[in-house]
Amino acid sequence: MASTQDAWYISLLGLAEHFRTSNPPDIKSCIQCLQAVFNFKPPQRVEARTHLQLGNILLTHTKNIDLARTHLEQSWFLSQSINAFDDVKFEAASVLAELFEQQGQPTHSKPILRKAIELSQHSVYWHCRLIFQLAQIHATEREYEVASSLLGVGVDYAQISNAAYTRVLFLLSRVMLLLIDKKIQEVLPLLNQAGHLVESWSGSPHQKEYLKVFFLVLQVCHYLMAGQVKSVKPCLKQLQQSIQTIMAPTWPDDDAVCGSAAGESFVWLSRQQLYVLVYLVTVMHSAQAGYMDKAHKYTDKALAQIDKLTSSGCEESSNKGGARSGAVLAWRLRMALVEHAALCRLVAGGKAHALHEIARAAHLLTVAPTASSAAAHTPQLHCLLGLYAMSMNCMEAAESQFLTAIEMSQERDLWMFAKLNLAIVYLRGRRDNDLAQLMEQVRPEALPAYAHGLRAASYYVLGLQAFFQARYNEAKRYLRETLKMANAEDLNRLTSCSLVLLGHIFLSINNSRESMNMVTPAMQLASKIPDVHVQLWASAILKDLYRLAGDTERENEAYQMHCNFSQALLKDHFQATQLPQHALIQWTSGPPPVFPPPSNVTNTT
């Protein structure tokens, strides 16, 4: 029979739970009851569990973070020496480490998690969960090698523990980190190994389909990072089919996918989050391939899906990452979609629409859920502003934006993209010395072998440079290399730009026939994209070609077409200059300036 003292604290715990679960919850009374438990000197197990309960309740329902941290620290300290107390011990370590990370103190999180991992080797679930958590912190800190090594430990541990599903999750997570770190040579063998494990999966068909979606997302990203738009199509099609399968009404929820086995209670992302991610990679593919209308359509659908997720609270993942991690992911997905929308608008000649999207991105930066999220996307926003400023002929502002992006970026691909565009700014400004110095850094042979799209773009810039210097044979050689690479991977925009520039070169050397052979397909492709700037350029060349051929009727048609494109671009240019958000091109440091929400802009193209 319980002593009077035991009866007191047991009653208090029961009363606290009653207040917590009442409708509406009485959190204040719940906290008071739990705090009163300590007055009765409860056993160490009860004390540790009560500290954990208080820490969680204070974190969830109050803003008293310091007190919550104190209770979690007490729970972790007390529980470490208690045997057979895994749930309290390792939950205290996990929540405390997450709290330190949220407060920007990951150096405090790491030793706690390392100690917890050391103590949890007998518990498959907790050992795997804590490894995932520590790897995530290292990855956020850009310590990719340490994170990858931890995930490798997870792969081996899961295999020894017969947790086949979690083993593949660890393996795919490691592939994802290697992709982020651009360790492409290390990616391929692991990706192939994961693909074989998924293909030969003999367990739950639901787990197989879920792992297949994760695998295909990584495979698609691997191709898109390299600019291999054509090669990716079969994988992307498979991914789109798989996501439809797991989004079907008959598909079980995420917990059912995990199953009941110890150590397999994990998902990478929830179904709804995966659905948005597949939309995003589809938008990325459409933008790279030059299908701007398709990119706009899928962007709108994806943003609507994110709104649905955030409004219903479904952004919380089933991996116990909490609403906060779901909110961070939703923000990142939204930001990536808005960035792509701005890029597509610029290509299509809609500068005012593009500025609207850039302003949305700037606003999103001001409400970023974490400092690291904002830091990761700020260089990309400067790069977009550089492209916008270029399209507006604001070359000084464009240079400042690209230089800011280069200085801030830790992503090599963005750094190279910004430098290639900066090279065009220097070309247009006839700044030969600056250009020569810059081109040494972004010549095709200086770029990584995997970067197919960037290497093709580098050949184009070299061709443009040779054209400006009237070295026409050299220009043709570079541009034919661009065409070969662009055609091999359906990089339609690069193809259309190269064709129209070749057409201009042939016109300059009085080869009208070859010029027409280049400009006609350039115009057709530019119309399909649509790319109004290439259409404007091509129509000017066509006008001259028809004049030289004495074909007055077609010359007039081409002239009228050129006037239409020119007037639409001028109207759009003027509209963009009138928007207050146009001042963003002067922003190069600190948080972005705050503007009123952009008003609707008129379609001009």
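Residues numbered from 1 in each chain as written. Predicted model: local features only at pLDDT ≥ 70, side-chain atom pairs only at ≥ 80, totals over all residues. Heavy atoms only, no water.

Q: Whenever I open this one, the overall build of the protein confuses me. Can you help?
A: Counting its regular elements, the protein contains 27 helices and zero strands. The C-alpha extent of the protein, read off along each of the three principal axes, is 110 × 50 × 50 Å. Of all 605 residues assigned to the protein, the portion counted as buried reaches 53%. Relative to all contacts within the protein whose residues are 6 or more apart in sequence, the contacts with residues 24 or more apart total 64%. (Helix = DSSP H or I, 4+ residues; strand = E, 2+ residues; numbered from the N terminus. Buried < 20%, exposed > 50% of the residue type's maximum accessible area, 1.4 Å probe, protein only. Contact = heavy atoms within 4.5 Å.)

Q: Sorry, what's going on with the confidence of the model for the protein here?
A: When pLDDT is low, close inspection of the predicted coordinates is not appropriate. Summarising the model, the protein shows a mean pLDDT of 90, and 95% of its residues fall at 70 or more. Within the model, pLDDT remains below 50 along residues 314-322, and this stretch shows 20 contacts once partners closer than five positions in the same chain are excluded. Predicted confidence for residues 601-605 stays below pLDDT 50, and this span has 14 contacts to residues more than four positions away or in other chains. (pLDDT = per-residue confidence, 0-100.)

Q: Looking at this model, I keep getting lost on the nonpolar core. Mind explaining?
A: Among soluble globular proteins, nonpolar side chains are generally buried collectively. Judged by nonpolar contacts, the single largest core of 198 residues is most densely connected at L239 and F402. Those residues within four positions of L239 in sequence are excluded, and the remaining contacts are V213, L216, V217, V220, V278 and V281. In this structure, I27, L34, V37 and A68 belong to the second largest nonpolar core, which totals 13 residues. (Core = buried A, V, L, I, M, F, W, Y, C linked by side-chain atoms within 4.5 Å.)

Q: How should I be thinking about the pattern of salt bridges in this particular structure?
A: Where charged atoms from two side chains of opposite charge come close, those side chains can pair. For the structure shown, the criterion picks out 20 salt bridges. Across the pair K233 and D490 runs a salt bridge whose closest N-O atoms are separated by 3.1 Å. Separated by 257 residues along the polypeptide, K233 in helix α12 (residues 233-246) and D490 in the loop between α23 (472-488) and α24 (492-508) bring together distant segments of the chain. Judged by its relative accessible area of 33%, K233 is partly exposed. In this structure D490 comes out as buried when scored by relative accessible area, which is 18%. A salt bridge links E481 to K484, with the nearest nitrogen and oxygen atoms 3.4 Å apart. A residue pair is termed a helical-turn pair when its members lie 3 or 4 positions apart in one helix, as E481 and K484 do in helix α23 at three residues. Residue classification places E481 among the partly exposed positions, given a relative accessible area of 25%. By relative accessible area, K484 is classed as exposed at 54%. Each of D66, R69 and E73 takes part in salt bridges that share partners, so that together they form one network. (Salt bridge = Lys/Arg side-chain N within 4 Å of Asp/Glu carboxyl O.)

Q: Got a minute to help me understand unusual backbone geometry in this structure?
A: The general pattern is negative phi for most residues beyond glycine and trans for most peptide bonds. In this chain, N23 is followed by P24 through a cis amide linkage whose omega measures 0 degrees. Examined against the element boundaries, P24 turns out to sit in the loop between α1 (4-21) and α2 (27-37). Omega for the peptide link from I529 to P530 comes to -15 degrees, which places this bond in the cis form. Of note, A84 is a non-glycine position whose phi angle comes to about 50 degrees, a positive value. Structurally, A84 is set in the loop between α4 (65-79) and α5 (86-102).

Q: I keep staring at helix α25 (residues 512-528) and nothing clicks. Help me out?
A: Because an α-helix packs 3.6 residues into every turn, residues spaced three or four apart end up facing the same way. When the terminal C-alpha atoms of α25 are compared, their 24 Å separation across 17 residues agrees well with the 24 Å that a helix rising 1.5 Å per residue should span. Those residues of α25 that fall on the buried side of the exposure criterion are S515, M518, V519, A522, M523, L525 and A526. Against α24, α26 (532-549) and α27 (552-578) lie the buried residues of α25. (Expected span 1.5 Å × (residues − 1).)

Q: Can you walk me through the packing of aromatic side chains in this structure?
A: The description of two aromatic rings rests on the distance between their centres and on the angle between their planes. One pass over the structure, following the stated rule, counts 11 aromatic pairs. When the ring of Y275 is compared with that of Y279, the centres are 5.1 Å apart and the planes differ by 55 degrees; the resulting orientation is tilted. Of this pair, Y275 and Y279 both sit in helix α14 (residues 271-289), four residues apart, which is roughly one turn of that helix. Each member of the pair, Y275 as well as Y279, carries the same accessibility label: buried. Their ring planes at 90 degrees and their centres at 6.0 Å tell us that F467 and F468 sit as a pair that is edge-to-face. Classification of F467 as buried rests on a relative accessible area of 15%. Since its relative accessible area comes to 27%, F468 is described here as partly exposed. It is K297 that lies over the ring of Y298; its NZ or CZ is 5.0 Å from the centre. Lying across the ring of Y478, R477 places its NZ or CZ 5.7 Å from the centre. (Phe/Tyr/Trp six-rings, centres within 6.5 Å; stacked < 30°, edge-to-face > 60°. Lys NZ or Arg CZ within 6 Å of the ring centre and 35° of its normal.)

Q: Any chance you could explain the state of the cysteines here in plain terms?
A: A covalent bond between the sulfur atoms of two cysteines is what we call a disulfide. On inspection of all chains with the given rule, the structure shows zero disulfides. Sulfur of C383: no disulfide; nearest cysteine sulfur belongs to C344 and is 15 Å away. Of the residues examined, C383 reaches a relative accessible area of 3% and is grouped as buried. C394 takes part in no disulfide bond, and the closest cysteine sulfur, belonging to C383, lies 16 Å away. Note on C394: relative accessible area 23%, which makes it partly exposed. (Disulfide = S-S within 2.5 Å.)

Q: Which parts of the structure should I look at to understand the side chain of T404?
A: One can find T404 in helix α19 (residues 395-408). Discounting chain neighbours no more than four positions away, the residues touching T404 are H382 and T588.

Q: Please explain the environment of P252 as it appears in this structure.
A: For P252, the location among the structural elements is in the loop between α12 and α13 (254-258). The class of P252 is buried, set by a relative accessible area of 19%. C-alpha of P252 to C-alpha of N64: the two residues are 188 residues apart in sequence and 38 Å apart in space. Apart from residues no more than four positions distant in its own chain, P252 is found in contact with H206, V257 and R271.

Q: I tried to follow the packing of α24 against α26 on my own but got confused; where do I start?
A: Helix packing geometry: the angle between the two helix axes and the distance between the axes. The N-to-C vectors of α24 and α26 enclose an angle of 30 degrees; their axes lie 10 Å apart at closest approach. Regarding the angle of α24 to α26, the classification is roughly parallel. In this structure, α24 crosses over α26, and the sense of that crossing is left-handed. Mapping the contact onto sequence places S496, C497, V500, L501, G503, H504 and L507 in α24 and V534, W537, A538, I541, D544, L545 and L548 in α26. (Axes fitted to C-alpha atoms, helices over the stretch in contact; angles between N-to-C directions. Parallel < 35°, antiparallel > 145°, perpendicular 65-115°, else oblique. Left-handed = near helix turned anticlockwise from the far one by under 90°.)

Q: It is not clear to me how helix α20 (residues 412-428) should be interpreted in this structure. Could you clarify?
A: Between its terminal C-alpha atoms α20 stretches 25 Å, which fits the 24 Å expected from 17 residues at 1.5 Å a residue. Most of α20 is tucked away, with 13 of its 17 residues classed as buried. Count one or two residues on from α20 and you reach R430, which has phi positive near 55 degrees.

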